[in-house]
Amino acid sequence: MDARPQQIDNVVIVGGGTAGWMTAAALARLLGRTGLSITLVESAAIGTVGVGEATLPQIRRFNRLIGIDERQMMARTAATIKLGIEFRDWGRVGDRYVHPFGAYGEEIGPADFIHYWARAHAAGKAAPIGEYSLPIVAAWEERFEPPREGDPRQSYDYAFQFDAGLYAAWLAELAQAAGVVRREGRIVDVRRAGESGDIAAVVLESGEEIAGDLFIDCSGFRALLIGETLDTPFEDWSRWLPCNRAFAVPCANGGEHGPYTRATARAAGWQWRIPLQHRVGNGLVYCDAYWEDEAAREFLMANLEGESGADPRQLRFTTGRRKSLWRGNCVAIGLSGGFLEPLESTSIDLIQSGILNLIELFPRTRIEDSDRSEYDRLMAIEFDRIRDFLVLHYVANRREEDFWRAIRAMAIPDSLAEKIEDFHERAILPDYAEGLFQPVSWIAVFLGQNIVPHGWDPRAGTMDGEELGEKLVQIRTRIRREAAAMPDHREFLRASGASFSAERAVR
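Predicted model only: the values in this text are computed from it and were never measured. (Residues numbered from 1 in each chain as written. Predicted model: local features only at pLDDT ≥ 70, side-chain atom pairs only at ≥ 80, totals over all residues. Heavy atoms only, no water.)

> Any chance you could explain the sheet that holds strand S7 (residues 181-184) here in plain terms?
In sheet architecture, strand pairing relies on hydrogen bonds along the backbone and comes in two forms, parallel and antiparallel. The strand order S7-S2-S1-S11-S20-S19 describes an open sheet built from six strands, whose pairing is mixed. Pairing within the sheet leaves two strands with one partner each, and these edge strands are S7 and strand S19 (326-327). Pairing geometry for S19 and strand S20 (residues 330-332), over two bridges, is antiparallel. Bridge assignment links Arg327 to a residue of S20, and that residue is Cys330. (Pairing = 2+ DSSP bridges. Helix = DSSP H or I, 4+ residues; strand = E, 2+ residues; numbered from the N terminus.)

Quick look at the structure:
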């Protein structure tokens, strides 16, 4: 006889922070009216990682789904706009490129724009690819306006850079207003059902037991349920992504207010810069085999643009994911399920993907094996694609430090090797039906890392060379004109209710 519940009435979320409260708010807003009881257990004595301040455009869909007003969110979370991610010194020292949230060029013939650009570039008649991207030009000019709907020449999107702690606190208010019950307390034990081995209840320090039918592990790196309790195996990816430590620290803004995140390659890792309304978030991700902790800490503190607002916090991690993110009646969302360094701002997006996949597969009667296997399949695809995309940044480097030479020589996943060869030979790009990352993302990093196609779609060769050159000039001119007409990024933020007041703690 199967002892598992025949009806899913009670959901228990273990852990708060960004993952926990995003999950709680989404379940309450999207499933709560069906009579589902949702309880979130967290302890104020246990801190959260809270470094996920940079997002991807998918966060806008999530906010809309749960009824969040964009301007109100920006005011509540000290948010700024993000048009892309700037990478400095990743190919060679001195290189600079942006991974934009928008298309390159425009439709000028039967082939995709990249093929016309590749042909012109081979003839020495094309500008750098970034000059054909409106979000890139606008970002470097520190300008922004929302794209005009229906205009194919303004095919770009945007994301946010916000205070993750403020975002989680606001979601906690919204979730509790929608019926989520918050229980304060430290979990000291997990009780399991004897026959099925599923989780039956969590036990608080006070002795109180909180029972549930479905448990969601948002306990962070500790992975209290999926790891400590269920002993779900972890797939280690450090052979491809060897960085395993980070320091994070806020500082005052030194004067740059561009609508983009920055990732600068360093001797044995990379440094992030995330500008908010009231401060800048900074961090150094590194490999301890090549950079000692104290030296890494000192380097970060010596390379801040303004006065630090706190002592740097160290994080230790192993890149990879659980082999199953839905085990029994437990679903892992956030860091409990896996970790990929925040080079492409994917941490919050993986949380969002986990939540939305769970909602689509949510079992209102009993949990079926098909629910778990489909969830794991979808999340594995997401993790694996992000892994390949991150590895590309590392392996396609031409730096001379020991760390970078070692990475350049390592074996890479076959799935990535095929993508590199396809683009190098014929500008062929991955084209996924959904999820991260779409062709424009791969174009940005391939070309930014100096992987240039030697061939192209033959249809791009049918246009007269002089005509092609004129069209490229027209596109660049239009993009410069449209970017120049946009308001200053800070002006847009002020109009959206932003506060740059120094009264806000640099935290």
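> I tried to follow helix H9 (residues 347-360) on my own but got confused; where do I start?
An α-helical segment advances 3.6 residues per turn. Residues three or four places apart therefore align on the same side. With 14 residues, H9 extends 20 Å between its outermost C-alpha atoms, agreeing within 8% with the 20 Å of an ideal straight helix rising 1.5 Å per residue. Among the 14 residues of H9, twelve are classified as buried, and the element is accordingly described as predominantly covered. Considering only its buried residues, H9 is in contact with helix H1 (17-31), helix H2 (58-65), strand S11 (214-217), S19, S20 and helix H10 (369-395). (Expected span 1.5 Å × (residues − 1). Buried < 20%, exposed > 50% of the residue type's maximum accessible area, 1.4 Å probe, protein only. Contact = heavy atoms within 4.5 Å.)

> Looking at this structure, how should I read the side chain of Arg321?
Within the secondary structure, Arg321 is located in strand S18 (residues 320-322). Residue Arg321 is classed as buried on the basis of its relative accessible area, which comes to 9%. In this structure Arg321 touches Pro233, Phe234, Glu235, Trp237, Gly337, Gly338, Ala380, Phe383 and Asp384, once residues within four positions along its chain are discounted.

> For this particular structure, what's the right way to read the side chain of Thr23?
Structurally, Thr23 can be placed in helix H1. Given a relative accessible area of 0%, Thr23 falls into the buried group. For Thr23, the residues in contact, after removing those within four places along its chain, are Ile13, Ile216, Cys218, Ile333 and Ile355.

> I keep staring at the sheet that holds S18 and nothing clicks. Help me out?
Spatially, three strands are ordered S12-S18-S21 in an open sheet, and the strand pairing comes out antiparallel. Among the strands making up the open sheet, the edge pair consists of strand S12 (234-236) and strand S21 (338-339). Pairing analysis gives three bridges linking S12 to S18, with the strands arranged antiparallel. Residue pairing for S18: Asp236 is matched across the bridge by Gly320. Its contacts with the sheet place H10 against S18 and S21, and it is angled at close to 170° to S18. (Axes fitted to C-alpha atoms, helices over the stretch in contact; angles between N-to-C directions.)

> In this structure, what is going on with the pairing of strand S1 (residues 10-14)? I would like to understand it.
Within a regular strand, the side chains alternate between the two sheet faces. For S1, the tally of buried residues reaches four of five residues, placing the bulk of the element in the interior. Sheet topology note: the S1/strand S2 (residues 37-42) ladder contains five bridges and is parallel. When the bridges of S2 are listed, Val11 appears paired with Ile38. Pairing between S1 and S11: four bridges, direction parallel. Residue pairing for S11: Val14 is matched across the bridge by Asp217.

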